[in-house]
Amino acid sequence: MDQITELSYALDTFYFLVSGALVMWMAAGFTMLESGMVRSKNTVEILTKNVSLYALACIMYMVVGYNIMYPGDAVSAWWPGIEFILGSADNSVEAVTAGGDAPYYSDLSDFFFQVVFVATAMSIISGAVAERMKLWSFLAFAVVLTGFIYPIQGYWTWGEGFLDEMGYLDYAGSGIVHMAGASAALAGVILLGARKGKFGPNGEVRALPGSNMPLAALGTLILWLGWFGFNGGSELKVSDVESANAVAAVFTNTNLAAAGGVMAALILSRLMFGKADLTMALNGAIAGLVSITAEPLMPTPLGATLIGAVGGVIVVLSIIALDKIKLDDPVGAISAHGTAGLWGIIAVVFSNPDAAIGTQLAGALVIFAWVFGASFVFWLIIKAAMGIRVSEEDEDRGMDLAECGMEAYPEFTASRK
Amino acid sequence: MDQITELSYALDTFYFLVSGALVMWMAAGFTMLESGMVRSKNTVEILTKNVSLYALACIMYMVVGYNIMYPGDAVSAWWPGIEFILGSADNSVEAVTAGGDAPYYSDLSDFFFQVVFVATAMSIISGAVAERMKLWSFLAFAVVLTGFIYPIQGYWTWGEGFLDEMGYLDYAGSGIVHMAGASAALAGVILLGARKGKFGPNGEVRALPGSNMPLAALGTLILWLGWFGFNGGSELKVSDVESANAVAAVFTNTNLAAAGGVMAALILSRLMFGKADLTMALNGAIAGLVSITAEPLMPTPLGATLIGAVGGVIVVLSIIALDKIKLDDPVGAISAHGTAGLWGIIAVVFSNPDAAIGTQLAGALVIFAWVFGASFVFWLIIKAAMGIRVSEEDEDRGMDLAECGMEAYPEFTASRK
Amino acid sequence: MDQITELSYALDTFYFLVSGALVMWMAAGFTMLESGMVRSKNTVEILTKNVSLYALACIMYMVVGYNIMYPGDAVSAWWPGIEFILGSADNSVEAVTAGGDAPYYSDLSDFFFQVVFVATAMSIISGAVAERMKLWSFLAFAVVLTGFIYPIQGYWTWGEGFLDEMGYLDYAGSGIVHMAGASAALAGVILLGARKGKFGPNGEVRALPGSNMPLAALGTLILWLGWFGFNGGSELKVSDVESANAVAAVFTNTNLAAAGGVMAALILSRLMFGKADLTMALNGAIAGLVSITAEPLMPTPLGATLIGAVGGVIVVLSIIALDKIKLDDPVGAISAHGTAGLWGIIAVVFSNPDAAIGTQLAGALVIFAWVFGASFVFWLIIKAAMGIRVSEEDEDRGMDLAECGMEAYPEFTASRK
């Protein structure tokens, strides 16, 4: 009996760690996607932002974020969780095999899984504010978002706070992670303004093509793979038949939702623009993944494909709409994570009988209002304190030389100079 | 007792899902390999093909393919498997713990694992027909191959059809996946003709160098990693000592066969051309992997290395031979997956006493005849209906502008214009 | 009871194989990192070196290395382990369930895990000697290092040799893998001399910027992911509560040490150079990972972050110092793996009460003396036999055309010619 408990505990912990490693891999996905979608003169800077935001997110979430989000887990009552960062979690053999209230996987594996989620939320933002936001202002915001803004709203649902009590359902975070990231991004984009040259003097929208499409495709496929950890790990348990079946359903549905998103966005862009637009197909994949994230377990495989396909349609329309209202999002992050995230929150009601449309919308509104509002305030403070936008000269010359002192492709772009 | 059954079921399901995720990752491998091997003007198009063929394969296999290939599994007797896509698989706790006939892993984890295989077969084709086939004609063919041609022959062996009864052995699909994909590719290449400029007026073979070698190397290493899922997952079970040892042997042999393939191709290309040809070494890795796929369990580690090394020699000779007969395969896919796949089918007899050379060859012939023949017919139909080759003008200008309306590297190739 | 033993054995084997696959993935990390950090004219050659060194390491370690390092495991008493490569490991069900001395995971899974480690050590070297060492001389050295130099010192600690008896502690190989690789690299760099143009006539240090920064970032993130297998798998067991908790702690600490390394190196480079230097941040990540590798289990999460941060400071200072003494290491490998590796060996004493500073330093000295000395001798022999440095003309023109007969980016660099 005890040995079985130990084995279950070990399998669930291992499953959690593998899932977490896959989510960490999403950091590489965002890094590649964003570096492929920006112009070459801003590439080193976006790489630096992505690598350092991940590092910063991990540190801030350890020091304060995790304790805010899960106040009863693995931490003392002391804020900001001094005991946790000093390593006091009680996962001794005795504590576990005592059964009953015992944890069924390692506390640290839970922390590892959660910390890669907060980094995902922050990664969404870097794409939307790319090519014009100051590096260190961005990192200052990352401290606030990953340490405070994200964990506070995360607590409301996953930490058993008031959104959870209200019945808001969000399996792996269409709202809590993706729409939250997009809401913070939107606040930044509004304050920051569009890139120079994005909108012409007569209001026309100009393409500023990304410099490296294979990296954008690679990034999307990395995200697709990582999402098996993101959604698949969110079942939190795999060690019995019911859980194992659930995890298998989540993997299958996650994959099919992405497939539906790709095909819908590809066909729609072909119909609307006459061309098979790769960037739309890639954003369709991400939108499909975001759409299924609030409820990847209950839909049938066909249902998941359709939910993803609707996400793929939504992202194309949303990208066009944002351009119309002159909100400049270089990689389409607000549409793929925000608009599709809202759709994902709503789509829960089609397959989960416990979900109510009103509660889902209320949850979405609360998350948006909090993250958008708090982010807006902090972006404003940072703007006042150190500025958020690089100088016009640095924008022309490129962020790479200005912020990082090097070029991404010194030999390929030499002919331009 | 019941709890042990549950844990075994959970471990096997998790093993299946991790393996499937690794095979899904092979889609990124093919995408990077092919985008590195084509010229920059055709890069966006090959990215679009790879991402959308994966999506399409998943959808078609769900709707019809899986039901054709495994008629008794997880589906009703109704074709095309309405019940499955509506989610009727009975993996309830009761069904499983009843023992005896109970499944030992989740049906949906099996579907997930199988669906990534069919995408692999289709990915092989996109490389061979690169730089000249129309995008939408290719996708039309993908519908037919992934929904019908592949699953029908898959059923013959893995679905317990007549090849299985005959004793044809193909552990993870040297023939069923790789040679099948290459056979369909060959039919397409024959109908399509060579790229403009590949063969000179006096019959000389001209190199059309790939535009991005690091991506080709990355793609190959992704495939190498993914193959641990492809072969390792094909044991179907890991939860007892015998199965665990088998999976470990498969991982070890898969790795060593690739290593043997690299070294053989590298040394042979050095001897033949005087240079250490990277593209040959990469194709050697893939050929080594394909060669061991029909029987990665029984060979000793040394035997696996040698089987892979022979594959590495074969792929170099096959690439040269195809050039001689003026079959233009931009990435060497027909050689790495087809010729080496045939060698893999044959090599089973060296280590598996149950294999007979005649049966193996008969199986190879049946698979080739079916896939090549059926593909040839469908390529012809598509050619008649919508054409399969882009216009000469579009080929000169590049598929990217013609089909997708964008460039892969707008800033790096600007000096050419 | 027996069934539980079987399940534990299966889970531990699967955990080992997943970990090994992640470490194999580090080969892709080194390949991308190094190909991004060299100039475009030397890119194909560094790709070829990385792919073939991995293949060669696997083959050499199978044929002789593993038997030297673990003489009692899975091999006969005959050197060089004929029995092992012929497949005699006894992992039969009977042998395992006999309990007691029975292995608790598959021997072949252990071999697979170990073989990817030796490839890591060799990968470190290729970066340091990049852009000037002959390909085939490098591969000749790879035969010696992976077959003999590395396994001999590996035996001293992990094979229960004299360093183990002395009490030298090195959990996953800050010294045994990373500092060992860096020591061999240092010997090569000293004999090889700097790249043309690296140091000016008046002793000034010139930057020779890498050609593709996104690949360097991707490579670093791949290494970060792979390190979860490298350190996480080195617990060797996950199937009970204590082991599972340990593996979770190792994952968490590994991640946080990398995060600490990034932030420390980024901030230090900003303070020292006025710019957020991406290559320093990337080397900071690697140095953080190397620093925690000797003891990723015992530190608290906060302690691990600090150990990594010190590693991040050390790598920046070490890179500057090596430039000062005119040792040319194009990717910073000697600093990130060697200097930070030494710090990692020392840092064990801060958290592990069994470690003694004298013993740790003695262990480091022994490893350095052996690997540096033996490597120096073999580099000298190779130099005498076939030369180690390409001709000045080939260095100017690029190694790619000279050694491999092709270019990495034929279309992007055309304007230079």
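Being a predicted model, the structure only gives us computed values, none of them experimental.

Student: Explain the overall build of chain A to me, please; I cannot follow it from the model alone.
Tutor: Tallying secondary structure elements over chain A gives 16 helices and zero strands in all. Computed over its C-alpha atoms, the radius of gyration of chain A comes to 21 Å, within 12% of the 22 Å expected for a compact globule of 417 residues. If one aligns the C-alpha atoms of chain A with their principal axes, the spans along those axes are about 70 × 45 × 40 Å. For chain A, the proportion of its 417 residues judged to be buried stands at 69%. When contacts within chain A are restricted to residue pairs at least 6 apart in sequence, long-range pairs at least 24 apart make up 79% of them. About 11,700 Å² of surface is accessible on chain A, with carbon and sulfur atoms providing 64% of the total.

Student: It is not clear to me how the packing of aromatic side chains should be interpreted in this structure. Could you clarify?
Tutor: Working definition: an aromatic ring pair is given by the centre-to-centre distance plus the angle between the planes. Residue and element names in this part refer to chain B. Across all of its chains, the model carries 81 aromatic pairs over all chains by this definition. With centroids separated by 5.8 Å and ring planes inclined at 65°, the aromatic side chains of Y61 and Y66 adopt a geometry described as edge-to-face. The class for Y61 is buried, based on a relative accessible area of 0%. Ring centres of F141 and W379 lie 3.7 Å apart, and the angle between their planes is 10°; this geometry places the pair in the stacked category.

Student: Quick question: what am I supposed to make of the interface of chain B and chain A here?
Tutor: Note: interface size is frequently given as the accessible area lost on complex formation between the parts. In this complex, chain B contributes 64 residues to the contact, which on the side of chain A involves 60 residues. Carbon and sulfur atoms supply 80% of the area buried between chain B and chain A, which totals about 5,000 Å² over both sides. The interface formed by chain B and chain A holds zero salt bridges in total. Where the side of chain B that touches chain A is concerned, the elements lending two or more residues are α1 (2–37), α2 (43–69), α3 (82–85), α4 (93–97), α5 (107–128), α6 (135–157), α9 (213–232) and α16 (399–404) of chain B. Per-element tally for the side of chain B that touches chain A: the top contributor is α1(B), with 19 residues. The class makeup of the residues in the side of chain B that touches chain A is 46 nonpolar, 14 polar and four charged.

Student: Looking at this model, I keep getting lost on the relation of the copies chain C and chain B. Mind explaining?
Tutor: Copy one and copy two of the chain differ by a rotation about an axis and a translation along that axis. Taken as rigid bodies, chain C and chain B are interconverted by a rotation of 120° and an axial shift of 0.0 Å, the fit giving an RMSD of 0.0 Å. Put plainly, the chains are arranged around a three-fold axis. Rotation axis and chain C: the residue whose C-alpha lies nearest the axis is F412(C), separated from it by 3.1 Å. Of the interface residues in chain C, just 17% have counterparts in chain B that sit at the interface too, so the contact is made through distinct surfaces.

Student: Mind showing me how you'd approach the environment of L266(C) here?
Tutor: The topology assignment puts L266(C) in helix α10 (residues 241–273). Here the alpha-carbon distance between L266(C) and V316(C), two residues 50 residues apart in the chain, equals 9.3 Å. If we ignore the near neighbours within four places in the chain, the residues touching L266(C) are T48(A), S52(A), W136(A), L139(A), A276(C), D277(C) and A281(C).

Student: Can you walk me through the pattern of salt bridges in this structure?
Tutor: Considering all chains together, one arrives at 32 salt bridges over all chains under this definition. For the salt bridge of R39(B) with E131(B), the shortest nitrogen-to-oxygen distance reads 3.1 Å. You can see R39(B) sitting in the loop between α1 and α2 and its partner E131(B) sitting in the loop between α5 and α6, a full 92 residues away along the chain. Both residues of the pair, R39(B) and E131(B), count as buried. Put simply, K49(B) and E45(B) hold a salt bridge, and the shortest N to O gap is 3.2 Å. In this pair, K49(B) and E45(B) are both assigned in helix α2, four residues apart and thus about one turn of the helix distant. Overall, the relative accessible area of 0% leaves K49(B) in the buried class. With a relative accessible area of 0%, E45(B) lands in the buried category. Taken together, the salt bridges that share partners define one network made up of R39(A), E131(A), R195(A) and D328(A).

Student: Hey, could you run me through the packing of helix α2 (residues 43–69) of chain C against helix α6 (residues 135–157) of chain C in this one?
Tutor: When two helices pack together, their arrangement is given by the angle between the helix axes and by the axis-to-axis distance. Residues and elements named next belong to chain C. Following both chains from N to C, one finds α2 and α6 inclined at 35°, their axes separated by 8 Å at the closest point. Seen along the crossing, α2 lies across α6 with a hand that is right-handed. In the contact of α2 with α6, the residues fall into 18 nonpolar, six polar and two charged.

Student: Looking at this structure, how should I read helix α10 (residues 241–273) of chain A?
Tutor: Helical geometry note: an α-helix holds 3.6 residues per turn, so side chains three or four residues apart project in the same direction. Residue and element names in this part refer to chain A. Across its 33 residues, α10 extends 48 Å between first and last C-alpha, which sits within 8% of the 48 Å expected from 1.5 Å per residue. Burial analysis of α10 places 27 of its 33 residues in the buried class, which makes it a mostly covered element. Looking one or two residues past α10, G274 carries a phi angle of roughly 80°, positive in sign.

Student: When you look at the environment of A402(C) in this model, what are you seeing that I'm missing?
Tutor: By the secondary structure assignment, A402(C) is in helix α16 (residues 399–404). Given a relative accessible area of 17%, A402(C) falls into the buried group. In this structure the C-alpha to C-alpha distance between A402(C) and A184(C), which are 218 residues apart in sequence, comes to 25 Å. Dropping the residues within four chain positions of it, A402(C) is found in contact with K275(B), D394(C) and R397(C).

Rules of the game
Every chain's residues receive numbers from 1 upward, in the order its sequence appears when written. Here chains are named by letter from A upward and ligands by number from 1 upward, in the order in which they appear as written. pLDDT decides what is reported in this predicted model: residues at 70 or higher carry local features, side-chain atom pairs at 80 or more are listed and counted, and totals for whole chains, interfaces and linings draw on all residues regardless. In computing side-chain values, all of the structure's heavy atoms are included and hydrogens and water are not. Put simply, DSSP marks the helices as runs of H or I at least four residues long and the strands as runs of E at least two long, and each gets a number from the N terminus on. Only C-alpha atoms enter the radius of gyration, while the globule expectation follows 2.2 Å times N to the 0.38, with N the number of residues. Classification of residues uses two cut-offs on accessible area relative to the type maximum, computed with a 1.4 Å probe and protein chains only: under 20% is buried, over 50% is exposed, and between them is partly exposed. The criterion used for residue contact is that any of the two residues' heavy atoms lie within 4.5 Å. Only the protein chains shown count as covering a residue, and every accessible area follows the Shrake-Rupley method with a 1.4 Å probe. Any two rings among Phe, Tyr and Trp, with Trp reduced to its six-membered ring, count as a pair given centres within 6.5 Å; such a pair is stacked if its planes are under 30 degrees apart, edge-to-face if over 60, and tilted if neither. What counts as buried area is the accessible surface, traced by a 1.4 Å probe, that two parts surrender upon association, with contributions from both included. Only one rule defines a salt bridge in this text: a Lys or Arg side-chain nitrogen within 4 Å of an Asp or Glu carboxyl oxygen. Side-chain classes follow a simple rule in which Ala, Val, Leu, Ile, Met, Phe, Trp, Tyr, Cys and Pro form the nonpolar group, Asp, Glu, Lys and Arg form the charged group, and the remainder, Gly included, forms the polar group. The copies were overlaid with a least-squares fit restricted to C-alpha atoms from residues scoring a pLDDT of at least 70 in each copy. Simply put, an axis is a line fit to the C-alpha atoms, just over the touching stretch for a helix, and the angle between two N-to-C directions goes from 0 to 180 degrees. By the definition used in this description, the sense in which the near helix is turned from the far one sets the handedness, with an anticlockwise turn below a right angle giving left-handed and a clockwise turn giving right-handed. Here a helix's expected span is defined as the number of its residues, less one, multiplied by 1.5 Å.

The values reported here are purely geometric and, on their own, carry no functional implication.
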